[in-house]
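These are the residues of each chain, in order.
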Amino acid sequence: MNKTEVAILNLFQKFPERELSTSEIVKQVEPGFEKVNELLNSPIKNKDMIKEAKLTKAKLHRKVLYYLNKLNYEGIIEVSREGAKGEKFFMLSVSPEEIGFASHIHRTSVYLPSKSISVSFEGYEKEKILLRLDQDKWIERINSIILDARYFKKDLSKLRRFVEMCLPFVNDVIAISRCEEFLEQSGQVSLMLSKMHSKCSDYDKKISFCVDISRSENKEALLKLIGESVENRWEHFTLVLEVSAKDIQEHPVLFEKILEFYSKNNETIYFKNKSLTDTPYLVGKSGIYTFSETEWENVSDELGESLYGVACSQSTVMIDLERFFEKMGEREEIFIDFLNKIAGSLLEVNSIQRRRSEELFTNLIKLDRERIKHFFSLSKNYIRFWNYGWKKIDFNQEYLKELIRESKRQIDKFCIFEETIYKSCGMPTRFRIAFSSAFHNFIKDKFTAPSYTRVAVGGLNDLFSDKMKEIIGIKESLFRIFDGGDVMSFHCRNETSSAELLREVSFILNSCRINLFRLKFIGGREKSLNLRSYIK
Amino acid sequence: MIIEEKSTLEAWKKSLKLVIENGVDFRDENSRICREFFNLGIVIKEPWDDITKPISILNKFREWKFPPLEEIASIMLSKKLAPEYSYSYGPRLFNFQGKINQIDNFIIPLLKNNPNSRRGTVVLWDHKEDVNPNKRDIPSLIMVDFKIRENRLNSSAVIRSNDLFFGWTANVYQLFVLSEYIRKETGCDRGLINTISFSAHVFEDQFEFIKKILKDK
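Residues numbered from 1 in each chain as written. Chains lettered and ligands numbered in written order. Predicted model: local features only at pLDDT ≥ 70, side-chain atom pairs only at ≥ 80, totals over all residues. Heavy atoms only, no water.

A.B. asks: Give a description of the overall build of chain B that names residues and reports values.
C.D. replies: For chain B, the count of helices and strands is 8 helices and 7 strands. Its C-alpha atoms give chain B principal-axis dimensions of about 50 × 40 × 30 Å. For chain B, the proportion of its 217 residues judged to be buried stands at 59%. Here the analysis covers contacts within chain B between residues at least 6 apart in sequence; of these, 66% occur between residues at least 24 apart. Accessible surface, chain B: about 9,700 Å² in total, of which carbon and sulfur atoms supply 48%. Treating the 33 positive side-chain charges of chain B as one cloud and the 30 negative ones as another, the clouds have centres 2 Å apart. (Helix = DSSP H or I, 4+ residues; strand = E, 2+ residues; numbered from the N terminus. Buried < 20%, exposed > 50% of the residue type's maximum accessible area, 1.4 Å probe, protein only. Contact = heavy atoms within 4.5 Å. Areas by Shrake-Rupley, 256 points an atom, 1.4 Å probe, with all protein chains shown as cover. Lys, Arg positive; Asp, Glu negative; His and termini not counted. Charge placed at Lys NZ, Arg CZ, Asp CG, Glu CD.)

Laid out in structure tokens, this is it:
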């Protein structure tokens, strides 16, 4: 459809009851008209310029009139009357809702929604209550992708090519699962990873490497890889070790060495408890991403065989709950209404991404056009919370859990309705929204300062304390509500012995229902805290 | 059972009432409770007056967001399959199995040359694609038939599984858009729209909204 035609229809949709003169319509839909008028009314008169402006004005009139007559002929608008000098006045002859349909039945053009949308939460953005991940490219990029190493049949160059092709379309993280596949080629892995890391660094994206230690034949290669990544401070690289308590029992020396690498270099180490979950965890800039257990199970047979990877998340918004409640009051219905607005906008974004995918994700589609629908078969959107108060002193934890749980129920209901609507309209579409938490590093300077109490633990014994049990209990229940994945951080001092650290890791793996946790090591300056480790 | 009404809105309301009052509940493949009525025919005699009315009503609820009319129409009229969809009505009609344009190359010339023909039937069910027990996303709209009688273009659709609350409103609109496309080429007048739903159903989580709509005069 022609631009002018769209502009005219938009104008009538905006003022469905009004009668509009041709001049008024020209003024509204032709950006050049204002300039011409300015020239004509200018106090400095230049004959040639005036002549030129008059010609342009007449040209714009004729152009708009052509489309007005066309829409009149198609029965979308009608001439309501003629003015004194014969100027035509127009009115809508269909209902505003019918504008789209009425214009559509006269042509079979493909409906392509605009790439920019006016979201219903811009006010909250101005108030710094809400933040979009990669606002400028909110629609053009997806958040996270996972590739399966098995698909690449140990061909590291092919993997690198895929990662590099995916990078421009992703705004947070690319993860590679089953990386133990590559570890046999120890020398090459480090070299290739260092290249991939440098690319990720150029694009300011994260790369997650998921390794199941029990499946890894070449433990030395793993140590070498860890050594290089830690010593070279690959900020954009995260290794997620998929372990069970049994793995630790079987390979204590290996784990002690790994912990030593991280603690000595004050780097963060991630452990996924594989006894609790089979789904991979992706560590992004904004937070953690993961999949639903059942859905992951359904696709895992295909992954690595005929499918190179899947998208995990399409769009993300982050909410500062402390600021929200401060400004809006602690009222559940307002909060749920706010989330519904977000859900509506996420739906719109997903719809645009779907309709314009050929143009937006060209390279992703090129990678495997046949299976691109499977590529998006597990994707969802994220709402991440910041300062949601679970560690705040005197905060009613039950209220928090119930509020988040109830909001999730409402959001899930909305998603089910949307999937039903789209499917029944002949557009089998996936639309899901997951909840998770936001990382401090990503939102600092944008959201409120972290307002939670750090609970100190002086070693393994502290993990048994009532306070710690309570904190872990809350976190465990949040893990169940935060279906988009979450992580619990344990801050440890770098002087703690690896053997002691390993005992703590074993305890967490054995006793806590926490799918993903990380140990963050604190260096010398923090020694004044007078604690050996503490939980953030 | 056939419901015959002059307007789209009345036909919709009557069929919803019928299913709510006489449908039988069961749990579907997705574990959702569904109230179903078999073999329901719905005839709208003058659909052009209010074909989008049910969608406008659905748009008033804040519990969901209905797709824009352009997007609903585009599903029926665009020939290209968006990469993420496992199927779409437009490609099945205009580019069936990647080679057959059932509308431009069959229906339109057929009805232009033989306005009284009984052969104006197109199918959207592709046995090559859809006869697969593991495939969940297959079209609900199976067949569309066009007949010109007394210079009016009448359109009928066979729908195997039809969500009467959300889906039917879009289906009749899509059917109307398609028939307008054909009517423009054949130069005949608007006729009735008829749907035959093998499984006309509504979901339990829609009941409260259906009741609200039925209450409104």
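A.B. asks: Describe the nonpolar core, listing the residues and the values that go with them.
C.D. replies: Residues A:I258, A:L364, B:I103 and B:F165 are the most contacted members of the largest nonpolar core, which totals 185 residues. Top element by residues in this core is helix α7 (residues 167-186) of chain B. It accounts for 10 residues. Core analysis: the second largest hydrophobic core is formed by 23 residues, A:L131, A:I146, A:L307 and A:I443 among them. (Core = buried A, V, L, I, M, F, W, Y, C linked by side-chain atoms within 4.5 Å.)

A.B. asks: A description of the sheet that holds strand β2 (residues 77-82) of chain A should follow, citing residues and the corresponding values.
C.D. replies: Residues and elements named next belong to chain A. On the basis of which strands lie adjacent, the open sheet formed by 3 strands has the order β1-β3-β2 and antiparallel pairing. The open sheet has two free edges, formed respectively by β1 (20-21) and β2, since each of these has just one partner strand. As paired elements, β1 and strand β3 (residues 88-92) share 2 bridges and run antiparallel to each other. The partner of S21 across the bridge, within β3, is F89. Along the sheet face, helix α1 (residues 3-14) touches β1, β2 and β3 and points at about 70° away from the line of β3. (Pairing = 2+ DSSP bridges. Axes fitted to C-alpha atoms, helices over the stretch in contact; angles between N-to-C directions.)

A.B. asks: Can you explain helix α2 (residues 22-29) of chain A? Please cite residues and give values.
C.D. replies: Of all the residues in α2(A), the buried ones are A:T22, A:I25, A:V26 and A:V29. Buried residues along α2(A) cover an arc of 100° about the axis, so they all sit on one side. (Arc of directions from axis to C-beta.)

A.B. asks: I'd like a description of the environment of B:F61, backed by residues and values.
C.D. replies: Residues and elements named next belong to chain B. Structurally, F61 can be placed in the loop between α2 (53-59) and α3 (69-77). We classify F61 as buried; its relative accessible area is 14%. Apart from the residues lying within four places of it in its own chain, the contact partners of F61 are F209, K212 and I213.

A.B. asks: Account for the interface of chain B and chain A, naming residues and giving values.
C.D. replies: Between chain B and chain A, the contact holds 48 residues from the first and 42 residues from the second. For the pair chain B and chain A, the number of links is 4 salt bridges. Inspection of the chain B/chain A interface yields 8 residue pairs in polar contact (both at pLDDT 80 or more). Among the secondary structure elements, those contributing two or more residues to the side of chain B that touches chain A are α3, α7 and α8 (207-215) of chain B. Ranked by the residues each element gives to the side of chain B that touches chain A, the list is headed by α7(B), at 10 residues. Among the residues making up the side of chain B that touches chain A, the classes are represented as 23 nonpolar, 10 polar and 15 charged. (Salt bridge = Lys/Arg side-chain N within 4 Å of Asp/Glu carboxyl O. Polar contact = N/O pair within 3.5 Å; in protein donor to acceptor, adjacent residues only side chain to side chain. Nonpolar A, V, L, I, M, F, W, Y, C, P; charged D, E, K, R; others polar.)

A.B. asks: Describe the pattern of salt bridges, naming the residues involved and giving the relevant values.
C.D. replies: If charged atoms from side chains of opposite charge come close, those side chains can pair. All names here are of chain B. Under the criterion given, the structure shown has 45 salt bridges over all chains. The partner of K17 in a salt bridge is E21, with the nearest N and O atoms 3.4 Å apart. With K17 and E21 both in helix α1 (residues 8-22) and 4 residues apart, this pair spans about one turn of that helix. Look at E21 and you get exposed, because its relative accessible area is 52%. Where D145 meets K147, a salt bridge forms, and the shortest distance between an N and an O atom there is 2.7 Å. Overall, the relative accessible area of 14% leaves D145 in the buried class.

A.B. asks: Go over the side chain of B:T169, please, and point to the residues and values.
C.D. replies: Residues and elements named next belong to chain B. Of note, T169 is situated in helix α7. When its relative accessible area of 0% is taken as the criterion, T169 is described as buried. In this structure the side chain of T169 is engaged in a polar contact, spanning 2.6 Å, whose partner is the backbone oxygen of F166. Contact partners of T169, with chain neighbours within four places excluded, come to W12, P54, I55, L58 and F66.

A.B. asks: Can you explain the confidence of the model for chain B? Please cite residues and give values.
C.D. replies: Averaged over every residue, the pLDDT of chain B is 93; residues scoring 70 or more account for 100%. Interface scoring of the predicted complex returns ipTM 0.93; its pTM is 0.79. (pLDDT = per-residue confidence, 0-100.)

A.B. asks: Talk me through the packing of α1(B) against α7(B); I want residue IDs and the actual numbers.
C.D. replies: Residues and elements named next belong to chain B. Remark: α1 packs on α7, axes separated minimally by 11 Å, with the N-to-C direction vectors making an angle of 145°. Seen along the crossing, α1 lies across α7 with a hand that is right-handed. For the pair α1 and α7, contact is made by T8, A11 and W12 and by W168, T169 and V172, respectively. Each residue belonging to the contact of α1 with α7 can be placed in one class, and the counts come to 4 nonpolar, 2 polar and no charged. (Left-handed = near helix turned anticlockwise from the far one by under 90°.)

A.B. asks: Would you mind going over a negative patch on the surface in detail, with residue names and values included?
C.D. replies: Residue and element names in this part refer to chain A. A cluster of acidic residues, D278, E293, E297, D301 and E305, forms a negative patch at the surface. As for its placement among the helices and strands, E305 is situated in the loop between α12 (293-300) and β12 (309-320). Judged by its relative accessible area of 57%, E305 is exposed. (Patch = residues over 30% accessible without salt bridge, like charges linked within 9 Å, V, L, I, M, F, W, Y side chains within 5 Å.)

A.B. asks: Any details on the pairing of strand β5 (residues 141-149) of chain B? Residues and values, ideally.
C.D. replies: Residues and elements named next belong to chain B. Here 3 bridges tie strand β4 (residues 121-123) to β5, and the two strands are oriented antiparallel to one another. Bridged to T121 within β5 is D145. One ladder, built from 8 bridges, connects β5 with strand β6 (residues 152-163); its direction is antiparallel. Paired with R149 across the two strands is R152, which belongs to β6. Counting the residues that bridge the hairpin from β5 to β6 gives 2 residues, and of these E150 lies at a positive phi of roughly 50°.

A.B. asks: If you had to explain the packing of helix α14 (residues 332-355) of chain A against helix α18 (residues 397-424) of chain A to someone new, which residues and values would you point to?
C.D. replies: All names here are of chain A. Two numbers describe how α14 lies on α18: the axes approach to 10 Å, and their chain directions differ by 35°. Where α14 crosses over α18, the handedness of that crossing is right-handed. Packed against α14, whose contacting residues are E332, F335, I336, L339, N340, A343, G344, L347, S351 and R354, the element α18 presents Y399, L403, E406, S407, Q410, I411, F414, E418 and Y422 at the interface. Partitioning the contact of α14 with α18 into residue classes produces 10 nonpolar, 5 polar and 4 charged.

A.B. asks: Which residues make up the environment of A:F361, and what values do they have?
C.D. replies: All names here are of chain A. Relative to the helices and strands, F361 is located in the loop between α15 (357-360) and α16 (362-367). On the basis of relative accessibility, which here comes to 1%, the residue F361 falls in the buried class. The spatial distance from the C-alpha of F361 to the C-alpha of V170 is 9.8 Å, given a sequence separation of 191 residues. Those residues in contact with F361 that sit more than four places away from it in its chain are I139, E140, R141, I142, F169, Q353 and F376.

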